[in-house]
Amino acid sequence: MSQPMIRISMLGKFEIELNGRPVLQALAQSRKVQLLVQYLLLQYGRPATHAELTATLWGNAGDADMSLRAVMHRFRTMAEKEDPVLKNCILTTRGAYVWNTELDAQVDVVILRRLADEAAAQTDPDAKAALYRRIVDVYGGSLLPDTTGEPWAERHRIQLQNLYKDALLGLIRLHKERGELDRVVELCARGLQVEAGDQRLYMEQILALDQLGRSEQSAQLIREAINLGCLHGDSRARTLNASYNRMRSSEQMLQQDLAGLVDGLRAPRPSGALLCTYEEFSAICHAELRLRARYDFSLFLAAVRLVPPLSRPGAARTAAVMQVLGQILCTTLRTSDVVARYGDTGYVLLLGGLAADGNSPMERVRSAFYRDPGHDGYQLIYRLHTPEYVPEPPNGPAQQVLPSRERTVKKDR
């Protein structure tokens, strides 16, 4: 007799099916029970200790151990009543709990991560594109929408969103190279249903519509993007292509910037007095990462860059817009966030989690920037990253590696 098939959706919704039939719907009636199941599924195969689970789900509550045992008992009672095959989906092992990977289960998050690993290792363009398509198909939306505000879920949410976005843009690039612009429009529209405020997808779709001769749809999309704060009011169809090319070039530089910033933050730093430089920002990040390694709260690193307008701007003009952006960052972000400047057109931010409603604070920043006349035709792009703490090696801290042009850092607050 074949083993029952369990299908678990965590992207865009949370649902468990057994042989095509929804099960464990009663989980929604107990938030702690549901959060416990969701947390263990995200760890998939990695045991989570009692201490980890109590700290994550109950914080410093004195009765956390008893509460965890009660929640686990309640889940197992619920699972066995639903179907005997579900009784052992969570195993107890050496003071820890783990999702039973021996069950025949398909978990969309696990599938997406596996596909992303395969795509990263794939060198054949057609095979890589096929994997990208599967990733786009698997990604049904933001991770566990009902866990908005839960720190342990937010870093997974950003990681999975980046994997999906990289696959989607890879597919778009492939179809553009082949001249399949209808597919570009379709993919962009599909992507905007998942991320309604994505500037890059708007520009890709607008340019594809222009090349297809669908100017009215292109103009309507421009108006829609401006109203949503995804493009600034100076955007027009005839200049958008040049703006797009500058943005793409800057995105590549931004990715290099972010990689350099991440590499720099990986190097453990000695304690001591700090000046108001990028090194001070780095020290703050490392202190926060040490705390996160113990208490498991969310931190996000963001690299932000200005993209200049068509005309070649002078240094004074760029400096003025950077000052406007710095003021917007400091007034729009929360008191728990940290802002530092790197280079002539970039800022690096440390964000202590996303907003309680699930909205990215960076979207608020971009919207506020485009609404301010001081943006002076510049575009704003950013990229989020979830940094990890790396313990100091036995032979002492490694050397920090950053591009030389990024070593001059100014304090902005």
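Residues numbered from 1 in each chain as written. Predicted model: local features only at pLDDT ≥ 70, side-chain atom pairs only at ≥ 80, totals over all residues. Heavy atoms only, no water.

Asker: Please explain the pairing of strand β6 (residues 96-99) as it appears in this structure.
Answerer: Along a regular strand, successive side chains alternate from one face of the sheet to the other. Alternating residues of β6 divide into A96 and V98 and Y97 and W99, and every residue in both groups is buried. One ladder, built from 4 bridges, connects strand β5 (residues 90-93) with β6; its direction is antiparallel. What sits directly across from T92, in β6, is Y97. A loop of 2 residues connects β5 with β6, the two strands running antiparallel in sequence, and R94 in this loop sits at a positive phi of about 50°. (Buried < 20%, exposed > 50% of the residue type's maximum accessible area, 1.4 Å probe, protein only. Helix = DSSP H or I, 4+ residues; strand = E, 2+ residues; numbered from the N terminus. Pairing = 2+ DSSP bridges.)

Asker: Just checking my understanding: could you explain the nonpolar core for this structure?
Answerer: The nonpolar side chains of soluble globular proteins are, as a tendency, buried together. Ranked by internal contacts, the top residues of the largest apolar core, which has 100 residues, are M10 and F75. Looking at this core, the element that brings in the most residues is helix α6 (residues 151-177), giving 10 residues. Not counting residues up to four positions away in its chain, the partners in contact with M10 are Q38, L41, L42, V107, D108, V109, S142, L143 and L144. In terms of nonpolar packing, the next biggest core, distinct from the first, is built from 23 residues, F300, L306, L325 and L349 among them. (Core = buried A, V, L, I, M, F, W, Y, C linked by side-chain atoms within 4.5 Å. Contact = heavy atoms within 4.5 Å.)

Asker: Would you mind showing me how to read the environment of L384 here?
Answerer: Of note, L384 is situated in strand β11 (residues 379-385). Residue classification places L384 among the buried residues on the basis of a relative accessible area of 9%. As a C-alpha pair, L384 and L258 span 126 residues in sequence and 8.7 Å in three-dimensional space.

Asker: Got a minute to help me understand the environment of Y382 in this structure?
Answerer: Among the secondary structure elements, Y382 is positioned in strand β11. Sequence separation of Y382 and Y347 is 35 residues, and the distance between their C-alpha atoms is 9.4 Å. Ignoring sequence-local partners within four residues, the contact set of Y382 consists of L254, A303, V304, S360, M362, E363 and R366. A distance of 2.5 Å separates a polar atom in the side chain of Y382 from a polar atom in the side chain of E363. (Polar contact = N/O pair within 3.5 Å; in protein donor to acceptor, adjacent residues only side chain to side chain.)

Asker: Just to check I follow, could you spell out unusual backbone geometry for this structure?
Answerer: Negative phi characterises most residues that are not glycine, and trans characterises most peptide bonds. The backbone of N19 shows a phi angle near 55°, a positive value even though the residue is not glycine. Tracing the backbone through its elements, the reader meets N19 in the loop between β2 (15-18) and β3 (21-23). Its identity as a non-glycine residue notwithstanding, R94 has a phi of 50°, on the positive side. Topologically, R94 is positioned in the loop between β5 and β6. For R94, a relative accessible area of 86% gives the class exposed.

Asker: Help me understand the packing of helix α4 (residues 108-121) against helix α5 (residues 125-138) in this model?
Answerer: Between two packed helices, both the angle of their axes relative to each other and the distance between the axes serve to describe the pair. Orientation of α4 relative to α5, taken along the N-to-C sense of each, is 160°, at an axis distance of 9 Å. In terms of orientation, α4 lies roughly antiparallel with respect to α5. Regarding α4 and α5, the two cross each other, and that crossing is left-handed. On α5, the residues that touch D108, I111, L112, R114, L115, A116, E118, A119 and A120 of α4 are K128, L131, Y132, R134, I135 and V138. (Axes fitted to C-alpha atoms, helices over the stretch in contact; angles between N-to-C directions. Parallel < 35°, antiparallel > 145°, perpendicular 65-115°, else oblique. Left-handed = near helix turned anticlockwise from the far one by under 90°.)

Asker: I tried to follow the confidence of the model for the chain on my own but got confused; where do I start?
Answerer: When pLDDT drops low, the exact placement of atoms in the prediction is not to be read closely. Averaged over every residue, the pLDDT of the chain is 84; the share at 70 or more is 86%. Within the chain, no element has a lower average pLDDT than strand β12 (residues 409-411), which sits at 37, and none a higher one than α4, at 97. Note on residues 269-276: pLDDT is under 50 here. Beyond four places in sequence and across chains, it has 12 contacts. A low-confidence stretch, residues 398-413 stays under pLDDT 50, and its non-local contacts, those more than four residues away or across chains, total 48 contacts. (pLDDT = per-residue confidence, 0-100.)

Asker: Please clarify how the layout of surface pockets should be interpreted in this entry.
Answerer: Using a probe with the size of a water molecule, rolled over the atoms, empty space left in the structure can be pinpointed. Empty space within the largest pocket amounts to approximately 1400 Å³. Lining the largest pocket are 42 residues, with K165, E195, D198, E363 and Y382 sitting closest to its centre. Counting residues per element, the lining of the largest pocket draws most heavily on α6, at 9 residues. Residue composition of the lining of the largest pocket, by class: 15 nonpolar, 14 polar and 13 charged. Contributing elements (two or more residues each) for the lining of the second largest pocket: α6, α10 (237-266) and β11. Per-element accounting of the lining of the second largest pocket gives the leading share, 6 residues, to α6. (1 Å grid on protein atoms, 1.4 Å probe; cavity = no way out; pocket = protein on both sides within 12 Å on 5 of 7 lines; lining within 4 Å. Points joined across faces, edges and corners; volume = space filled by probe spheres on them. Nonpolar A, V, L, I, M, F, W, Y, C, P; charged D, E, K, R; others polar.)

Asker: What's the story with the sheet that holds strand β7 (residues 105-107) in this structure? I'm lost.
Answerer: In any sheet, the strands associate via hydrogen bonds between backbone groups, in a parallel or an antiparallel arrangement. Spatially, the 4 strands line up as an open sheet ordered β3-β2-β1-β7, and their pairing is mixed. Two strands lie at the open edges of the sheet, namely β3 and β7, each paired on one side alone. Shown here is a sheet whose adjacent strand axes are inclined to one another by a mean of 25°, direction ignored. The sheet contact formed by strand β1 (residues 6-9) and β2 spans 4 bridges and is antiparallel. Its bridge partner lying in β2, I6 is registered against L18. Packed on one face of the sheet, α4 meets β1 and β7 and runs near 70° to β7.

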